[in-house]
Amino acid sequence: MPSRYLDDIDPESPSHAAGSPGGRIVEYKADDRWSLEQLDFREWFRAVAVDGMVPQGTPIDRLARYLGHIHKLEVGRGGTDFRYRIYGNLIAAEANMRMQDRWVSELQEPTSGIVLEHYRRLCGKPRLFVGELRYAGGETMRYPVWLRAEAPIGTRDAGTLGFIVLTLPLEHANLMPEDEAPGGGAPDAGSPPPSV
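Residues numbered from 1 in each chain as written. Predicted model: local features only at pLDDT ≥ 70, side-chain atom pairs only at ≥ 80, totals over all residues. Heavy atoms only, no water.

Caption draft 1: Fine view of the layout of surface pockets. There is about 260 Å³ of room inside the largest pocket. In terms of lining, the largest pocket is formed by 16 residues, of which the most central are Pro14, Ala93, Glu94, Asn96 and Arg142. What the second largest pocket holds in volume is close to 200 Å³. Lining the second largest pocket are 16 residues, and of these Gln56, Gly57, Lys72, Ile153 and Ile164 lie nearest its centre. Of all the elements in the fold, those that place two or more residues in the lining of the second largest pocket are strand E2 (70-76), strand E3 (81-87) and strand E6 (159-169). (1 Å grid on protein atoms, 1.4 Å probe; cavity = no way out; pocket = protein on both sides within 12 Å on 5 of 7 lines; lining within 4 Å. Points joined across faces, edges and corners; volume = space filled by probe spheres on them. Helix = DSSP H or I, 4+ residues; strand = E, 2+ residues; numbered from the N terminus.)

Caption draft 2: Fine view of empty space enclosed by the protein. Scanning the entire structure with this criterion turns up two cavities of 30 Å³ or more. One number sums up the size of the largest cavity: a volume of about 160 Å³. What lines the largest cavity is a set of 16 residues, among which His71, Tyr87, Thr111, Arg148 and Thr167 lie closest to the centre. Residue assignment for the lining of the largest cavity shows that the elements contributing at least two residues are E3, helix H2 (89-95), helix H3 (111-124), strand E4 (129-135) and strand E5 (145-155). Of the residues forming the lining of the largest cavity, the biggest block, three residues, is contributed by H3.

Caption draft 3: Quick peek at the environment of Pro126. Within the secondary structure, Pro126 is located in the loop between H3 and E4. Along the sequence, Pro126 and Gly159 sit 33 residues apart, while their C-alpha atoms lie 8.3 Å from each other. Not counting residues up to four positions away in its chain, the partners in contact with Pro126 are Met53, Pro152, Arg156 and Thr160. (Contact = heavy atoms within 4.5 Å.)

Caption draft 4: Representation of the pairing of E6 in the model. Of all 11 residues that make up E6, nine are buried, and the element is covered over most of its length. Sheet topology places E2 next to E6; five bridges connect them, and they run antiparallel. Of the residues in E6, the one forming a bridge with Ile70 is Leu166. Bridge analysis of E5 against E6 gives 10 bridges, and the strand direction is antiparallel. Within E6, the position partnered with Arg148 by the bridge is Thr167. Adjacent in sequence and paired antiparallel, E5 and E6 are bridged by three residues. (Buried < 20%, exposed > 50% of the residue type's maximum accessible area, 1.4 Å probe, protein only. Pairing = 2+ DSSP bridges.)

Caption draft 5: Structural view of the nonpolar core. Leu73, Phe82, Tyr87, Val104, Tyr119 and Phe163 are the most contacted members of the largest nonpolar core, which totals 27 residues. Put simply, the parts of the chain that give this core at least two residues each are E3, H2, H3, E4 and E6. Broken down by element, this core gets its largest block of residues, six residues, from H3. Non-local contacts of Phe163, meaning those with residues more than four positions away in its chain, are made with His71, Lys72, Leu73, Phe82, Tyr119, Leu122, Cys123, Ala151, Pro152 and Ile153. (Core = buried A, V, L, I, M, F, W, Y, C linked by side-chain atoms within 4.5 Å.)

Caption draft 6: Up close: the pattern of salt bridges. Following the criterion strictly, the structure yields 15 salt bridges and no others. Among the ionic pairs, Glu43 bridges to Arg46, the shortest N-O distance being 3.3 Å. Placement of the pair is Glu43 and Arg46 together in helix H1 (residues 36-48), with a separation of three residues, close to one helical turn. For Arg46, a relative accessible area of 54% gives the class exposed. (Salt bridge = Lys/Arg side-chain N within 4 Å of Asp/Glu carboxyl O.)

Structure, rendered in structure tokens:
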């Protein structure tokens, strides 16, 4: 058994997605479903984005409180794969896997296929993306829903060079009280995902 003080990864246990037959990433069209973390990520993006993209080398100081739940990915392999340059330590512990300096294609299925398809589409149409990854068969999983906020790194001329991604289990998110939600309604963990 691993030491929880020194290492939160248990090599004898499967990753969080083991046993799921699939899943999908869906976009939240309205910000009344967003968590406080996703709203904060949007404010950071609005402050630093140029023409809808984050310039390379942009500081992420404002996101420091979320570093354990932050990924930084770079586009590689001709745009078909993405390498994790930063893989948050809290995500590693919650997902029970390390991905620092590894490729998205190395993720266990079904996560690899879901995330690869999503990032490839986002490369073709770069924008701020806010939504969730919801696994099928979630009733048997520790974390069946992961909230996401993603910002493309690059320029309109150079294209998408990578992504800054905030992702955390729904259970760890700070959901807005219903009376404070921008659209008047709080996110509902039990409702089906919004249509894209």
